[in-house]
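Results of the structural survey
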Amino acid sequence: MEKIVIEGKNRLSGEVSVGGAKNAVLPIMAACILNDGENTISNVPDLADVRTMMKLLETLGARCEYTDGELLVDSSTINRYKAPYDLVKTMRASVLVLGPLVARFKKAEVSLPGGCAIGERPIDQHIKGLRILGTSVQLEDGYVSAVAEKLEGTTVPFDLSTVTGTENIMLLASVCEGETVILNAACEPEVVDLANALNLMGARIEGAGTDIITITGVSSLGPLEGYSVMPDRIEAGTLMIAGALNESDLLIRNCRFEHLGALTGKLLQTGTKIEKNGNSIRVRGTGEIKSIDFSTLPYPGFPTDMQAQMMILMCVADGMSVITENIFPQRFMHTAELRRMGADIKLVGNSAVVRGVPEIRGAPIMASDLRASASLVLAGLCGAGRTEVSRIYHLDRGYEKLDEKLQSVGASIWREKE
Ligand code: EPU
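Structure report, in brief. What you see is a predicted model, and the numbers here were worked out from it, not measured in a lab. (Residues numbered from 1 in each chain as written. Predicted model: local features only at pLDDT ≥ 70, side-chain atom pairs only at ≥ 80, totals over all residues. Heavy atoms only, no water.)

1. Things to note about the overall build of the protein
From N to C terminus, the protein includes 14 helices and 24 strands. Against the compact-globule benchmark of 22 Å for 418 residues, the protein has a radius of gyration of 21 Å, which places it among compact chains. For the protein, the spread of C-alpha atoms along the three principal axes comes to 65 × 40 × 40 Å. The burial tally for the protein puts 57% of its 418 residues in the buried class. Across the protein, the fraction of contacts at a sequence separation of at least 24, relative to all contacts at a separation of at least 6, is 72%. With the model as given, the accessible surface of the protein reaches about 16,000 Å², and the carbon-plus-sulfur share is 47%. Across the protein, the mean location of the 42 positive side-chain charges is 4 Å away from that of the 52 negative side-chain charges. (Helix = DSSP H or I, 4+ residues; strand = E, 2+ residues; numbered from the N terminus. Rg over C-alpha atoms; globule rule 2.2 N^0.38 Å. Buried < 20%, exposed > 50% of the residue type's maximum accessible area, 1.4 Å probe, protein only. Contact = heavy atoms within 4.5 Å. Areas by Shrake-Rupley, 256 points an atom, 1.4 Å probe, with all protein chains shown as cover. Lys, Arg positive; Asp, Glu negative; His and termini not counted. Charge placed at Lys NZ, Arg CZ, Asp CG, Glu CD.)

Given below as structure tokens:
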């Protein structure tokens, strides 16, 4: 196992590039199950989660090849419909194969994802949507076992906004007979990216990016040719926080400003300077960070996937901040580690009350999940002295070489064997 070591307080400056979005490429890879051919996808980040999805598709019979951001998925050989526990337990997004497998085989067996460091994550809405479209679903021996006779489009009203739930139903409905209307659909940009990819395969999806998505089923889909995955807005946001710390000055390349509205609005309130420059964003930290309150919400609200990173800024801000987590109310595992670095954080229900301190100090700390691990790296950048972040396999699930990117703009950060 490796750990990341950081000598904090360096002022970062220079240019850094954002890669393809993890949460867009994973559903697009699952979409390949819907056709019978050689799919080519570009701007694919080199992440452990992408490797896990490749392994899962290979387990189903597909052939996958990955080189330098280009991914080939040959789905013509897919001949199995079981997603085993061993893979699903390492990546919850594996549940995205459920809809496509039902579409292809009229049956699927997908392990139920177990517990998760960010709290309980049920999939009842995915199952509700499958049932409404004509699938009979049982939960047996830890598996979701789905069998469909006649799949027919109709209205699928979600009780809440769910990103992968919306994606699963969109995937299945693309090849169901008739029209499916998803009500209360998730509006996240990754849902739009999946809809764009499906439409290029021949699907007929309208309204992605709003809360009503209409899908007119087609009889079959063709392969995806050279689809370029959208930039990762959470990686971009994480780098924006790095730019706001230590009076840094970063030019973040290959990102979409329009995907980062809620975060940009909050960062401006802290006094951070932000300029849009084509596909780049320049972020400059000022010496004085003002405390702000924020609450996580579905898109276009403040993303839960940025809560832990934004908290680092609040740890060293002037004043008190109340951070409310509405999506995953228990997503606060990072706070105990931050306290070890001298941060003043109290948890009250699903809120964290953060009182800014003049300085946090380096310490040995442990990552608990993907976004928490990114926040601990940011804490190391802004803490005085040496920070050692262990269990960084969480980081490698969703950030491509974050340490090398930060090093290239002046951070003192490296990996060591534990
Ligand atoms: N929910 C239910 N029932 C369901 C589905 C969701 O109650 O059937 C609840 C969840 O418990 C949560 C809320 O609905 O309270 C929203 O969850 P959602 O389904 O939108 O989350 P997800 O689809 O499992 C995706 C991302 C997460 C991101 C969330 C929220 C992927 C692969 N994952 O998860 O990303 O935090 O949306 O935006 O797209 C990450 O990248 O680190 C990550 C955790």
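2. Some details on the site of the ligand
Lining the immediate surroundings of the ligand are 23 residues, of which Gln-125, Thr-162, Thr-164, Asp-305 and Ile-327 lie closest. A distance of 3.0 Å separates an oxygen atom of the ligand from a polar side-chain atom of Arg-121. Take Asp-124: an N or O atom from its side chain is 2.8 Å from a nitrogen atom of the ligand. Protein burial of the ligand: of its 830 Å² of free accessible surface, 87% is covered by the chains. For the shell around the ligand, the element with the highest residue contribution is helix 5 (residues 124–132), accounting for 3 residues. For the shell around the ligand, the per-class residue count stands at 9 nonpolar, 7 polar and 7 charged. Three or more residues apiece are contributed to the shell around the ligand by two domains, here domain 1 (2–19 + 231–417) and domain 2 (22–222). (Near = heavy atom within 4 Å. Polar contact = N/O pair within 3.5 Å; in protein donor to acceptor, adjacent residues only side chain to side chain. Nonpolar A, V, L, I, M, F, W, Y, C, P; charged D, E, K, R; others polar. Domains from an automatic or database assignment.)

3. Things to note about the environment of Tyr-399
Checked against the element boundaries, Tyr-399 lands in the loop between helix 13 (393–398) and helix 14 (402–408). Taking C-alpha positions, Tyr-399 is 6.9 Å from Glu-235, a pair spaced 164 residues apart along the chain. Within the structure, Tyr-399 has its side chain in polar contact with the side chain of Thr-238 (distance 2.8 Å).

4. Description of unusual backbone geometry
In this model, Tyr-299 is joined to Pro-300 through a cis peptide bond whose omega is 10°. Looking at where Pro-300 falls in the secondary structure, it is placed in the loop between strand 18 (294–295) and helix 10 (307–315). The phi dihedral of Asn-184 falls on the positive side, at around 65°, and the residue is not glycine. Checked against the element boundaries, Asn-184 lands in the loop between strand 11 (179–183) and helix 7 (189–201).

5. Topic: the packing of aromatic side chains
For the structure shown, the criterion picks out 2 aromatic pairs. Judged by centre distance (5.8 Å) and plane angle (50°), the ring pair of Tyr-81 and Phe-105 falls under tilted. Of this pair, Tyr-81 sits in the loop between strand 5 (70–74) and strand 6 (82–83) while Phe-105 is found in helix 4 (residues 98–105), placing the two residues 24 residues apart along the sequence. Residue classification places Tyr-81 among the partly exposed residues on the basis of a relative accessible area of 27%. (Phe/Tyr/Trp six-rings, centres within 6.5 Å; stacked < 30°, edge-to-face > 60°.)

6. Notes on the packing of helix 5 against helix 6 (residues 163–173)
Between helix 5 and helix 6, the shortest axis-to-axis distance is 8 Å and the interhelical angle comes to 20°. The angle between the axes of helix 5 and helix 6 places the two elements in the roughly parallel class. Helix 5 and helix 6 meet at a crossing whose hand is right-handed. Counting all contacts with helix 5, which are made through His-126, Gly-129 and Leu-130, the residues of helix 6 involved are Thr-164, Gly-165, Asn-168, Ile-169 and Leu-172. Class assignment of the residues belonging to the contact of helix 5 with helix 6 gives a composition of 3 nonpolar, 5 polar and no charged. (Axes fitted to C-alpha atoms, helices over the stretch in contact; angles between N-to-C directions. Parallel < 35°, antiparallel > 145°, perpendicular 65-115°, else oblique. Left-handed = near helix turned anticlockwise from the far one by under 90°.)

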